Amino acid sequence: MLNNPDQNIRLDYNNMMKEFVGSYGFTSDDFTALTEKIDAATAAMKIKREQGFMDWRDLPHNQEEVVDEILAYAAENAGKFEAFVLLGIGGSALGPMAVQQAINHQFYNELPREKRGGHPKFYVVDNVDPERLACLFDIIDVDKCLFNVVSKSGSTSETMSQFMIIKQMLEEKLGAGNVHNHIVCTTDKEKGNLIKIAKDEGYKTFIIPSGVGGRFSQLTPVGLLPAAFTGIDIRALLAGAATMDKLCKADNITQNPAYMYGLLNYLAMQKGMPMSVMMPYADSLKYISDWYAQLWAESLGKKYDNNGNIVNVGPTPIKALGATDQHSQVQLYVEGPYDKIIVFIGVDEYRKTVTIPKIYSDISSLGFLGGVTHNELIAVEQLSTEHALRSAGRPNMTITLPSVNEFTIGQLLYMFMVATAFAGELLNINTFDQPGVEEGKNATYAMFGRPGYEDKKRELDARPAKKPAYIIG
Ligand code: PA5
């Protein structure tokens, strides 16, 4: 699987072009008109990488030791736990969920252990909905689980509160000195509370490199550790990312899939199409859209540009699933406002084949399905939706994976990360901060009276009281 060119993913943007979709599409003149901007963005991508502002770009190449350590730790713990439970949120949870869903069996947790390759079940708790955690406790025995606390900042309320609950439960079951084998932390090497607690209490810890932000961290131990525990080939994942990195070094936009993807999205925004629908035609890729939605929205939705001007820019990512959402959202995409582009993710070879039996041949509305595979049906449905959109003048593009495996998923994740950074350069914004997210985190701290957040508390206390007149029921 490593470095197999038959497994290189493809970006097909024919249907983004005017000659295919008409007036909402683009021409090569649109690209030429942006030459200066594209050159500046390309140069900035290089300089920022060289100057260490994009450490995530080097992750496919510089983690041999980390990978060895992760694999050794997973091997040491093989067979010891019934479940691996990840506590994290946002960039500390979405990547692990996406890769797990993509690579492993669709009903992984329901399989008997031997069919899971002896690996533990896998759960992610990425919310503080009390019902979710309480329900998890109905199906796991905490003393038979390994809890992976993932937080770059080491202070996120959701994650740290889950950790506090779990630690207390473990102590009650196992005794105060016996919990450290059930907790593994993934965090920054010095910032935040989690690293301090991990050191004080002796938890095994994996480090998120300081220059890698949450939503760009899937290829660090954030994603690699849970993947290794559930039998995913993390070396192939990184090899896929390394292969894509080679392509992403091309300055020529027509040879660089990530730059082209970023540019097409930028042009779409300029032409009044800021909605960007991601529609994989594979259930295994469903959570790639969730991971991507965070990457795209949190990185590119910004109030200020790099010169301090208020710009309020950003594309709106929308998640869809083919063929399921043909029966819910596609009507809007074909006939609604011309404010969106659609990105299909297709698969050449699915890992299973399901054939429809040749029955009901006397009923014309069913007979044509006899002998057809679901593989053919889903592929044809994807083409049909593409055709419907193209005929209606709706720009769309397709990324195709020869098959879903670690190597292709590594390519896909890396391509989207580079595309995001490139789109950020075109938009002239800071792709890597998230002041809007911090605002919400700070308001939570203030409402709970956390020291240091008194000004925010005063601001919150002064917010206008809600009028009962505007509340119904
Ligand atoms: O991308 C980001 O920076 C955020 O989504 C974070 O991943 C999220 O807020 C969780 O933060 P942390 O990993 O510090 O707990």
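Model, not experiment: these values are computed from the prediction. (Residues numbered from 1 in each chain as written. Predicted model: local features only at pLDDT ≥ 70, side-chain atom pairs only at ≥ 80, totals over all residues. Heavy atoms only, no water.)

### Observations regarding the pattern of salt bridges
Here's step 1: Applying the stated criterion across every chain yields a total of 22 salt bridges.
Here's step 2: In this structure, D58 engages R49 in a salt bridge whose closest nitrogen and oxygen atoms are separated by 2.9 Å.
Here's step 3: On the accessibility criterion, D58 (26% relative accessible area) is partly exposed.
Here's step 4: Salt-bridge contacts for D126 lead to R132; the nearest nitrogen and oxygen are separated by 2.9 Å.
Here's step 5: The buried category is assigned to D126, whose relative accessible area is 19%. (Salt bridge = Lys/Arg side-chain N within 4 Å of Asp/Glu carboxyl O. Buried < 20%, exposed > 50% of the residue type's maximum accessible area, 1.4 Å probe, protein only.)

### As for the packing of helix 5 (residues 94-103) against helix 16 (residues 406-427)
Axis angle and axis distance: for two packed helices, these are the angle between their axes and the distance between the axes, and together they describe the pair.
Here's step 1: As a packed pair, helix 5 and helix 16 sit with axes 10 Å apart at the nearest point and diverge in direction by 145 degrees. Once helix 5 is placed against helix 16, the crossing between them reads as right-handed. Counted together, V99, A102 and I103 of helix 5 and E406, I409 and L413 of helix 16 form the full contact between these two elements.
Here's step 2: For the contact of helix 5 with helix 16, a count of residues per class yields five nonpolar, no polar and one charged. (Axes fitted to C-alpha atoms, helices over the stretch in contact; angles between N-to-C directions. Helix = DSSP H or I, 4+ residues; strand = E, 2+ residues; numbered from the N terminus. Left-handed = near helix turned anticlockwise from the far one by under 90°. Contact = heavy atoms within 4.5 Å. Nonpolar A, V, L, I, M, F, W, Y, C, P; charged D, E, K, R; others polar.)

### Re the site of the ligand
Here's step 1: Lining the immediate surroundings of the ligand are 14 residues, of which S92, S151, S153, T156 and Q294 lie closest.
Here's step 2: Here an oxygen atom of the ligand sits 2.6 Å away from a polar atom, N or O, in the side chain of S153.
Here's step 3: Take R215: an N or O atom from its main chain is 3.0 Å from an oxygen atom of the ligand.
Here's step 4: Here the ligand is seated within the largest pocket. (Near = heavy atom within 4 Å. Polar contact = N/O pair within 3.5 Å; in protein donor to acceptor, adjacent residues only side chain to side chain. 1 Å grid on protein atoms, 1.4 Å probe; cavity = no way out; pocket = protein on both sides within 12 Å on 5 of 7 lines; lining within 4 Å. Sits in = over half its atoms within 2 Å of the grid points.)

### Some details on the domain arrangement of the protein
Here's step 1: One can read the domain layout of the protein as domain 1 (5-52 + 237-427) and domain 2 (77-232).
Here's step 2: Taking the mean C-alpha position of each, domain 1 and domain 2 sit 30 Å from one another.
Here's step 3: With 24 residues of domain 1 at the interface, the matching set in domain 2 holds 17 residues.
Here's step 4: Of the roughly 1900 Å² buried at the junction of domain 1 and domain 2 (both faces included), carbon and sulfur atoms supply 70%.
Here's step 5: Counting across the interface, domain 1 meets domain 2 through one salt bridge.
Here's step 6: Among the salt bridges present, the one from E298 reaches R215, with a minimum N-O distance of 3.1 Å.
Here's step 7: Summed over the shared surface of domain 1 and domain 2, the result is seven residue pairs in polar contact (both at pLDDT 80 or more).
Here's step 8: Those elements giving two or more residues to the side of domain 1 that touches domain 2 turn out to be helix 10 (234-247), helix 12 (286-300) and helix 16.
Here's step 9: Of the residues forming the side of domain 1 that touches domain 2, the biggest block, eight residues, is contributed by helix 12.
Here's step 10: Broken down by class, the residue content of the side of domain 1 that touches domain 2 amounts to 13 nonpolar, five polar and six charged. (Domains from an automatic or database assignment. Buried area = accessible area lost by both parts, 1.4 Å probe.)

### Quick notes on the sheet that holds strand 3 (residues 121-125)
Paired through their backbone hydrogen bonds, the strands of a sheet run either parallel or antiparallel.
Here's step 1: Read from one edge to the other, the open sheet built from five strands follows the order 3-2-4-5-6, with strand pairing classed as parallel. Each end of this open sheet is capped by a strand with a single partner; those strands are strand 3 and strand 6 (204-207). Averaged over all pairs of adjacent strands, the angle between their axes in this sheet comes to 20 degrees, without regard to strand direction.
Here's step 2: Judged from the five bridges that link them, strand 4 (residues 145-151) and strand 5 (residues 183-187) form a sheet pairing that is parallel. When the bridges of strand 5 are listed, S151 appears paired with T187.
Here's step 3: Relative to the sheet, helix 4 (residues 64-76) contacts strand 4, strand 5 and strand 6, its axis offset from that of strand 6 by approximately 150 degrees.
Here's step 4: Contacting strand 4, strand 5 and strand 6, helix 8 (residues 193-201) crosses the sheet at an angle of about 145 degrees to strand 5. (Pairing = 2+ DSSP bridges.)

### Quick look at the sheet that holds strand 1 (residues 10-12)
Here's step 1: In spatial order, the strands read 1-12-11-7-10; together these five strands make up an open sheet with mixed pairing. Taken across any chain shown, the strands that pair with only one partner, and hence form the sheet edges, are strand 1 and strand 10 (316-319). Across the sheet, the mean angle separating the axes of adjacent strands is 20 degrees when strand polarity is ignored.
Here's step 2: Pairing analysis gives six bridges linking strand 7 (residues 275-280) to strand 11 (residues 340-349), with the strands arranged parallel. Among the inter-strand pairings, M275 is bridged to a residue of strand 11, identified as K340.

### A short note on the packing of aromatic side chains
Here's step 1: Throughout the structure, instances matching the rule amount to 18 aromatic pairs.
Here's step 2: A ring pair is formed by Y24 and Y338, whose centres lie 4.3 Å apart and whose planes are at 10 degrees; its orientation type is stacked. Taken together, the positions of Y24 in the loop between helix 1 (18-21) and helix 2 (28-33) and Y338 in the loop between helix 13 (330-335) and strand 11 put the pair 314 residues apart, joining distant regions of the chain.
Here's step 3: The interplanar angle of 25 degrees and the centroid separation of 5.3 Å between the aromatic rings of Y292 and W296 together place this pair among those described as stacked. Here W296 and Y292 lie together in helix 12, a separation of four residues that amounts to about one turn. Per residue, the accessibility class of Y292 equals that of W296, and both read buried.
Here's step 4: Joined through ring pairs, the aromatic side chains of Y73, F84, F122, F206 and F229 make up one cluster.
Here's step 5: Between R394 and the ring centre of Y338, over which it is positioned, the NZ or CZ distance is 3.6 Å. (Phe/Tyr/Trp six-rings, centres within 6.5 Å; stacked < 30°, edge-to-face > 60°. Lys NZ or Arg CZ within 6 Å of the ring centre and 35° of its normal.)

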